[in-house]
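What follows is the residue order along each chain.
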Amino acid sequence: MKGLTLLLVICAAMATHFALADDPMAAIRAACADDAQRLCAGVPQGGGRVIACLKQHKDSLSDRCKQAAGVPVNPGSSSEPSAAAQSPSAAANTSSAPAGAMGAAANSPAKPAPAHKAASGKADKAGAAEKFAERVITDPGHEGMRVATLHVPEKWHFDGKIEWHYAWTAYLVSYSAHAENPDNAEAFFQYPFLLLESSELAPQFRQYDKSRKYQPGERMPNGALYSPPLPPVQTLAKFIQKTRPNAVNFKWLGQQDLPDLSKALHGKAAPNRHGLAIKVGYDLDGQPVEEAFFADYFLSQVSNQGMGAGMVKQTDWGLEDLQSFRAPAGTLDKRMPMFCVIAKSLYVNPQWARLAKAINDKVVADMQQKLKEGEDQLRAAQAIMDQTMKQQAAFQANFDKQEAAFRSSGGVDDSYLRDGGKRSAADHWDDLIRGVDTLNDPNGGTTQLSNAGQYHFTDGFGSYRTSDDPNYTPEKAGEVGSWTQMTAAP
């Protein structure tokens, strides 16, 4: 696994020189991007304004920028900018956009020859000189807007893809890229952000949980894949198995922890991350190849707030900065510097990053508003239900009291309600409360129908019709059979 360690060492120290050995303008853009963000963040791009700003701060420039621009470097200086690469999918979920001065640096009037010599000399010394070309990734969903650029060897085939998922609040946009050498098995793969999620209900509430249970690997409504968390190595190993399911003569060549992977790729360490790499071998078109997979493993756990706080513990976990390098067997370690150049050259368009962040913020705000409205509605509904139940209990108690008085009192004259019949005033009162009419039924006995209509009909076979229209009959309404109007039971 020695070659995997080279990713961190070489990418951090030499990537810019390898990537731009034959492209001096690109060398200046890449080398001075962090200085432009640090020293000239508020300067508008275009018209040479950023370059003029950098000239005004030439004593504060990093050694890397000075070398690329042909400015003498003070041997005692140690200023070195951090890497600015950031994946487009990550840009949609961060609060700060990447550096925005790369494009302006392309118009730099600085003399290119010294930068070309410096870069080319270092590349030749390492035996990894390549002619790189810029490849552009666009966003078809937003009028072909430039999303990011990536530098790959000039003759390599390249494709990149941006996909928006507006219904997936946890996985709004995904990015992938693929570059391949037409002459051999060398290839670079950038994979979409892998987000997984699981929820755990507090033990005392599990017996009441009737919600749908997701299966491992199933896509959830928010876009995340459902799965209980796994250890880092096992997670990356499962990803490799799904990514290369039909690999012939597949073998595991080794694994390695890379605690500084996030720092090597982004210029700073990311909290709660675990960088790792796995190297595998297999046959491709009958020839043995090696492929190294790199990823930053993350895991975070939160408990729900608001109503029922602490009831649910949610775990978000997965892999970021997922990428792999492939080369013919026995050459991967040697070619690792070239792969580092590709991985480090990713530059996100700040304008697109701001657009992505705005869309993400809007989607999240809409989701939170809906959750709040849902909680408010639940509270209101619960209050109405509680009040209704109190009123119903009070009414029932009063009704029971009145009914007991009617039935037990011999001094109550209910003859005006009885019509000389068999039913008591309490029976009629009960009909009124329940909203029914008690009717004589030709089928035998009595039948109770809704008192919403005054006129009731039956066909003698268990079918009934009710209407408030004095001229209505079922026959006039197109009903089949012989219908009789029913009379009220005494």
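Throughout, residues of each chain are indexed from 1 in the direction in which the sequence is written. Residue-level local features of this predicted model are given only where pLDDT is at least 70; pairs of side-chain atoms are given and counted only at 80 or more, and the full residue set underlies all totals for whole chains, interfaces and linings. With hydrogens and water stripped out, all remaining heavy atoms of the structure feed into the side-chain values.

Engineer: Give me the lowdown on the overall build of the chain, citing residues and values where you can.
Structural biologist: Here a strand is any run of E in DSSP of at least two residues, a helix any run of H or I of at least four, and the numbering for each starts at the N terminus. Looking only at helices and strands, one finds 13 helices and 17 strands in the chain. Considering only contacts within the chain whose residues lie at least 6 apart along the sequence, 61% involve residues at least 24 apart. Per element, the accessible surface of the chain, about 26,000 Å² overall, is 53% carbon and sulfur. Whether two residues are in contact is decided by their heavy atoms, any of which lying within 4.5 Å being enough. Accessible surface is estimated by sampling points in the Shrake-Rupley manner with a 1.4 Å probe; for residues, cover comes only from the protein chains shown.

Engineer: Can you tell me about the sheet that holds strand β1 (residues 132–139), naming the residues and giving the values?
Structural biologist: Pairing in this open sheet of three strands is antiparallel, and the strands run β1-β2-β12 from one edge to the other. Here the strands that pair on one side only, and so sit at the sheet edges, are β1 and β12 (347–348). Here the rule is simple: two strands pair whenever DSSP picks up at least two bridges between them. Bridge count between strand β2 (residues 145–153) and β12: two bridges; the pairing is antiparallel. Note that in β12 the partner of Thr 149 across the bridge is Tyr 347. With axes taken as lines fitted to C-alpha atoms, and helix axes fitted only over the stretch in contact, angles between N-to-C directions fall between 0 and 180 degrees. Each of β1 and β2 is contacted by helix α10 (residues 332–344), which is oriented at about 170° to β2, the strand it contacts most.

Engineer: I'd like a description of the state of the cysteines, backed by residues and values.
Structural biologist: Only a pair of cysteine sulfur atoms within 2.5 Å counts as a disulfide in this structure description. Within the structure shown, the criterion is met by two disulfides. There is a disulfide in this structure between Cys 32 and Cys 65, and the S-S distance comes to 2.0 Å. Disulfide Cys 32 to Cys 65: torsion about the S-S bond roughly 95°, handedness right-handed. Taken together, the residues span a long stretch of sequence, with Cys 32 in helix α2 (residues 24–39) and Cys 65 in helix α4 (residues 63–69) at a distance of 33 residues. The residues Cys 32 and Cys 65 share a single accessibility class, namely buried. Between the sulfur of Cys 40 and that of Cys 53 lies a disulfide, 2.0 Å long from S to S. Judged by the torsion about the S-S bond (-95°), the Cys 40/Cys 53 disulfide is left-handed. Here Cys 40 is found in the loop between α2 and α3 (49–56), whereas its partner Cys 53 is found in helix α3, with 13 residues between them in sequence. Bonded cysteines in the chain are paired 1-4, 2-3 when counted in the order they occur along the chain. Residue burial is assigned from relative accessible area. The probe radius is 1.4 Å, only protein chains are included, and a residue is buried under 20% of its type maximum, exposed over 50%, and partly exposed in between.

Engineer: Quick rundown of the packing of aromatic side chains? Include the residues and the values.
Structural biologist: Each Phe, Tyr or Trp ring, with Trp reduced to its six-membered ring, pairs with another whose centre is within 6.5 Å; inter-plane angles below 30 degrees give stacked pairs, above 60 give edge-to-face pairs, and intermediate values give tilted ones. Under the criterion given, the structure shown has 13 aromatic pairs. Between Trp 164 and Trp 352, the ring centres sit 6.0 Å apart and the planes meet at 55°, which makes this aromatic pair tilted. Of the two residues, Trp 164 is situated in strand β3 (residues 157–164) and Trp 352 in helix α11 (residues 350–408); the sequence distance between them amounts to 188 residues. Trp 352 matches Trp 164 in its accessibility class, with the two residues each being buried. With a centroid separation of 4.8 Å and an interplanar angle of 5°, the aromatic rings of Phe 325 and Phe 339 are classed as stacked. Highlighted residues: Phe 325 in strand β11 (residues 312–328) and Phe 339 in helix α10, separated in sequence by 14 residues. Judged by its relative accessible area of 0%, Phe 325 is buried. The rings of Trp 156, Phe 188, Phe 294, Phe 325 and Phe 339 are connected pair by pair, giving a single aromatic cluster. The criterion is that NZ of a Lys, or CZ of an Arg, lies within 6 Å of the ring centre and within 35 degrees of the ring normal, and then a charge sits over that ring. Of note, Arg 244 hangs over the ring of Phe 189, and the distance from its end group to the ring centre comes to 4.8 Å.

Engineer: Describe in detail helix α8 (residues 232–243), supporting the description with residues and values.
Structural biologist: Turn by turn, an α-helix covers 3.6 residues, leaving residues three or four places apart pointing in a common direction. What a helix is expected to span follows from its residue count: subtract one and scale by 1.5 Å. For α8, built from 12 residues, the straight-helix expectation of 16 Å at 1.5 Å per residue is met to within 8% by its first-to-last C-alpha distance of 17 Å. Regarding α8, the residues found buried are Pro 232, Thr 235, Leu 236, Ala 237, Phe 239 and Ile 240. Turning to α8, the residues buried within the fold contact β6 (194–201), β8 (248–257), β9 (273–284), β10 (287–303) and β11.

Engineer: Lay out unusual backbone geometry with the relevant residues and their values.
Structural biologist: Of note, Glu 143 is a non-glycine position whose phi angle comes to about 60°, a positive value. Of note, Glu 143 is situated in the loop between β1 and β2. In this model, Asp 285 sits at a positive phi of 55°, which is unusual for a non-glycine residue. Here Asp 285 lies in the loop between β9 and β10. For Asp 285, a relative accessible area of 76% corresponds to the exposed category.

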